[in-house]
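# A look at the structure
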Amino acid sequence: MRRLAIALSLLVGTLLAPVGHVANAGEELLVISASDGSVTRLDLGDLKALPVSEIRTRTIWTTGVQEFRGVALRDLLDHVGAASGMITAVALNDYLIQIPTSDATIPGPVVAYLHNGKQMSVREKGPLWVVYPYDDNPVYNTEEYYARSIWQLIRLEVPR
Ligand SMILES: Nc1nc2c(c(=O)[nH]1)N[C@H]1C(S)=C(S)[C@@H](COP(=O)(O)O)O[C@H]1N2
Ligand SMILES: [Mo]
């Protein structure tokens, strides 16, 4: 029995290794700091409790139509009472990019926590990826919007 348990755990470990760690419900995923000093910390449960938005689109990073589920950037900004202006979005690798709040339309960009129904590991551009509905608007298929498609998002600095 013990040998079987070890064999099974090795097998499961091998199968899961390429996927990597995905977030627990209570793990802090996103910090939103507003220019007035207020800070909102969101875990996966908090994000899932916000209105859900889905995007079906192709992307330049993937093959075929993808399904992304998350929170519309608009809903996230409304949740923290953001004003109009520029957002600074920061990734795990210190990549940062400015996104105008005027991008936050519905439909529009989504802060995705599920890709094809699954949580994304860091290796898979997770746990949070800002995705635009590229197939729906030719303007999204430009370098400017690709640069705003920040993955491994950990922080948003918003006007308020
Ligand atoms: N986390 C993170 N997201 C990022 C980047 C990055 O370096 N780190 N580069 C951005 C830029 S400038 C562009 S053009 C696209 C680049 O995608 P590519 O590296 O697959 O060409 O992703 C954007 N998202
Ligand atoms: Mo870029």
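Residues numbered from 1 in each chain as written. Chains lettered and ligands numbered in written order. Predicted model: local features only at pLDDT ≥ 70, side-chain atom pairs only at ≥ 80, totals over all residues. Heavy atoms only, no water.

Bringing the environment of His 21 into the picture now. Residue placement: His 21 occurs in the loop between α1 (2–16) and β1 (28–34). Separated by 99 residues in sequence, His 21 and Met 120 place their C-alpha atoms 8.5 Å apart. Here His 21 is in contact with Glu 27, Ser 121 and Val 122, once residues within four sequence places are set aside. Within the local environment of His 21, its side chain forms a polar contact with the side chain of Glu 27, the two groups lying 3.3 Å apart. (Helix = DSSP H or I, 4+ residues; strand = E, 2+ residues; numbered from the N terminus. Contact = heavy atoms within 4.5 Å. Polar contact = N/O pair within 3.5 Å; in protein donor to acceptor, adjacent residues only side chain to side chain.)

Of note, Thr 88 is situated in strand β5 (residues 86–91). In sequence terms Thr 88 and Leu 156 are 68 residues apart; their C-alpha atoms lie 5.7 Å from each other. Residues within four places of Thr 88 in sequence aside, it is in contact with Leu 96, Ile 97, Gln 98, Arg 155, Leu 156 and Glu 157. Polar side-chain contacts of Thr 88 include one of 3.1 Å to the side chain of Gln 98.

What follows covers the confidence of the model for the protein. Confidence along the protein averages 92 in pLDDT terms, with 88% of residues attaining 70 or more. Element-level mean pLDDT values for the protein span from 51 in α1 up to 99 in strand β8 (residues 129–131). (pLDDT = per-residue confidence, 0-100.)

All residues adjacent to ligand 1 are Trp 61, Ala 91, Asn 93, Tyr 95, Glu 143, Tyr 146, Ala 147, Ser 149, Ile 150 and Trp 151. In this structure, a nitrogen atom belonging to ligand 1 sits 3.4 Å away from a side-chain N or O atom of Asn 93. With respect to ligand 1, the backbone of Trp 151 contributes an N or O atom lying 2.8 Å from a nitrogen atom. With the chains in place, 66% of the 520 Å² that ligand 1 exposes on its own is no longer accessible. In terms of residues, the shell around ligand 1 owes the most to one element, helix α4 (residues 143–148), which gives three residues. Looking at the shell around ligand 1 residue by residue, the classes come out as seven nonpolar, two polar and one charged. (Near = heavy atom within 4 Å. Areas by Shrake-Rupley, 256 points an atom, 1.4 Å probe, with all protein chains shown as cover. Nonpolar A, V, L, I, M, F, W, Y, C, P; charged D, E, K, R; others polar.)

Attention shifts here to the packing of aromatic side chains. A full pass over the atoms with the stated rule returns eleven aromatic pairs. Both rings, one in Trp 61 and one in Tyr 146, keep their centres 5.8 Å apart while their planes meet at 80°; by these two values the pair is edge-to-face. Placement of Trp 61 in the loop between β3 (53–57) and β4 (66–72) and of Tyr 146 in helix α4 is noted, with a sequence separation of 85 residues between them. You can call Trp 61 partly exposed: its relative accessible area is 26%. (Phe/Tyr/Trp six-rings, centres within 6.5 Å; stacked < 30°, edge-to-face > 60°. Buried < 20%, exposed > 50% of the residue type's maximum accessible area, 1.4 Å probe, protein only.)

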